[in-house]
Amino acid sequence: MALSKLDPRTKLVWYALMIYFSLSCRTAVQLGLVLLVCVMASLILTRSLKQYKVMITILLLLGLQILIVQLIFCREGVLIYQWGILKIYSEAIPLAITGILKATLIFFSSMQFFTSATPQEFTLMLMKFQIPYRYAMLAGLSVRFLPLMKAEYISIMDSQRTRGLKMESVWDNLKSIIPTFLPFLYRAVRRSTETALAMELRGYGRSKNRTFSSVLTIKHYDIALITAMLLVIIISLASRILPLI
Amino acid sequence: MKEKLFRTDTKALVGAVIIGIVFVIMEQVTGRIDAVLDPTLLLLNGTCWAFFTGLIVLMYKQPAGIIAGLVEAIVAMATAYSPLAFFFIFANTIGSIVYSLITMKFSMEKLSHHILGQIGCNVTGNLCVMAGLIYVIHLDWKIALLSSAITALVGTIVAGILTKSVYGALKKSALL
């Protein structure tokens with residue numbers, strides 16, 4: 001079964017399940033197993049993990065950030081190293097690994113969900129949740145505008161650089177925020193006014209209902225998968241809450 | 001009261017999405033600078049977040065504030081820009097609603113009005129981030145509270161001043 005054949009609602013419940021596990025699992029082993037299941041699901045359904053290649057560098061930076069925070073602030077376990085006010089405790093590394101695995105699982109499942117369906121499918125899914133069309137279509141609009149606005153910001157930065165604005169060091173970048181950000185904001189406001197006008201002139205929001213070239217229909221296997229995943233969440237929650245009562 | 005809280009015309013909805021994308025890009029720019037300057041406090045990032053949350057609510061009201069916040073949180077999750085990205089959904093939504101509820105009572109012509117709005121927005125938003133610091137990064141609650149309190153304090157003052165000047169400039173330019 002290919003990933004594209006699954007209903008976006010099934011993918012949403014899978015995503016919710018992964019987020020639930022990432023927040024409820026306490027040990028690195030549990031988190032590692034859930035991450036492995038998530039990766040295997042992607043591999044089986046898409047037969048490739050190429051799209052996640054970009055993740056590696058980002059995750060290394062993210063991991064480094066979590067490690068630094070734990071090394072500076074962790075006060076659990078026994079003191080293993082001291083240099084001035086910097087104290088490193090034995091629990092810093094295991095806690096950093098757990099944090100990195102949690103962040104990786106959230107990131108991987110987010111990427112899996114948001115790249116698994118087209119903007120139109122997200123719009124249709126939102127409409128199935130009784131969200132009016134005027135709001136549901138904003139998902140597609142944001143996907144359409146993200147690269148356009150990024151290109152606009154780069155062009156503003158290039159223009160400012162041509163005018164002599166330095167952007168070499170971190171300090172230069174800090175000073176260049178206001179001269180690049182304000183024109184970007186004003187252009188974005190003007191663009192939103194123009195886009196809204198163009199959309200209204202084309203009849204956007206004139207009628208409450210719209211027709212689409214494709215329709216979302218939930219299949220039997222989708223219902224079975226959603227039920228199974230919801231059962232896992234309910235059983236897991238019950239096993240945590242019932243002992244407390 | 002309803003007019004001060006809601007605005008559902010096309011311009012507000014489209015504006016929410018486009019300014020939401022500007023929000024995402026600026027958060028990523030300030031996030032990169034923060035990662036070098038202050039990786040544990042994220043003062044620039046927190047200030048940028050508070051500024052945009054306030055500005056979008058002032059410009060387009062609700063539900064635009066919530067929509068822009070959700071756009072930012074979802075893109076942050078999909079691009080792994082922060083390990084706490086999942087908690088941004090709650091921080092952005094709650095922060096935006098609280099800012100709306102506070103500012104609907106004021107004319108927003110004085111700096112104190114902007115600061116009051118930012119206090120509510122920063123306190124609630126940073127509480128959500130604090131939950132993320134405890135659950136995802138496993139920080140001790142006292143350190144998470146201190147970090148969130150410093151970010152909220154800086155965010156309230158700087159974002160309050162910035163929102164007043166930029167919103168004033170936007171109103172004068174007749175772009176709204």
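Treat the numbers as computed from the prediction; the structure is a model and nothing was measured. (Residues numbered from 1 in each chain as written. Chains lettered and ligands numbered in written order. Predicted model: local features only at pLDDT ≥ 70, side-chain atom pairs only at ≥ 80, totals over all residues.)

This part covers the domain arrangement of chain A. Split by domain assignment, chain A resolves into domain 1 (1-117 + 219-245) and domain 2 (133-207). Averaged C-alpha coordinates put domain 1 of chain A and domain 2 of chain A at centres separated by 33 Å. (Domains from an automatic or database assignment.)

Another aspect to go through is the interface of chain A and chain B. Taken together, the 52 residues of chain A in the interface contact 38 residues of chain B. Where the side of chain A that touches chain B is concerned, the elements lending two or more residues are α1 (8-24), α3 (55-73), α4 (92-114), α7 (138-162), α8 (170-175) and α9 (177-201) of chain A. Partitioned by chemical class, the residues of the side of chain A that touches chain B number 35 nonpolar, 10 polar and seven charged. (Contact = placed C-beta atoms within 7 Å. Helix = DSSP H or I, 4+ residues; strand = E, 2+ residues; numbered from the N terminus. Nonpolar A, V, L, I, M, F, W, Y, C, P; charged D, E, K, R; others polar.)

Quick look at the pairing of strand β2 (residues 86-89) of chain A now. Residues and elements named next belong to chain A. Of the strand pairs in this sheet, strand β1 (residues 79-83) and β2 are connected by four bridges, and their pairing is antiparallel. Bridge assignment links Leu79 to a residue of β2, and that residue is Tyr89. In textbook terms, the turn of a hairpin is the stretch between consecutive antiparallel strands, and for β1 and β2 this stretch comprises two residues, one of which, Gly84, has a positive phi near 65°. (Pairing = 2+ DSSP bridges.)

Core analysis: the largest hydrophobic core is formed by 98 residues, its most contacted members being B:Ala16, B:Val17, B:Ile21, B:Val22 and B:Ile56. At 14 residues, helix α2 (residues 10-37) of chain B tops the list of elements feeding residues into this core. Here this core spans two domains, since at least three of its residues come from each of domain 1 (1-117 + 219-245) and domain 2 (133-207) of chain A. Filtering out sequence-adjacent residues up to four positions away, B:Ile56 remains in contact with B:Ala16, B:Ile19, B:Ala64, B:Gly65 and B:Ala68. (Core = buried A, V, L, I, M, F, W, Y, C linked by C-beta atoms within 7 Å. Buried ≥ 20, exposed ≤ 12 C-beta atoms within 10 Å, placed from the backbone.)

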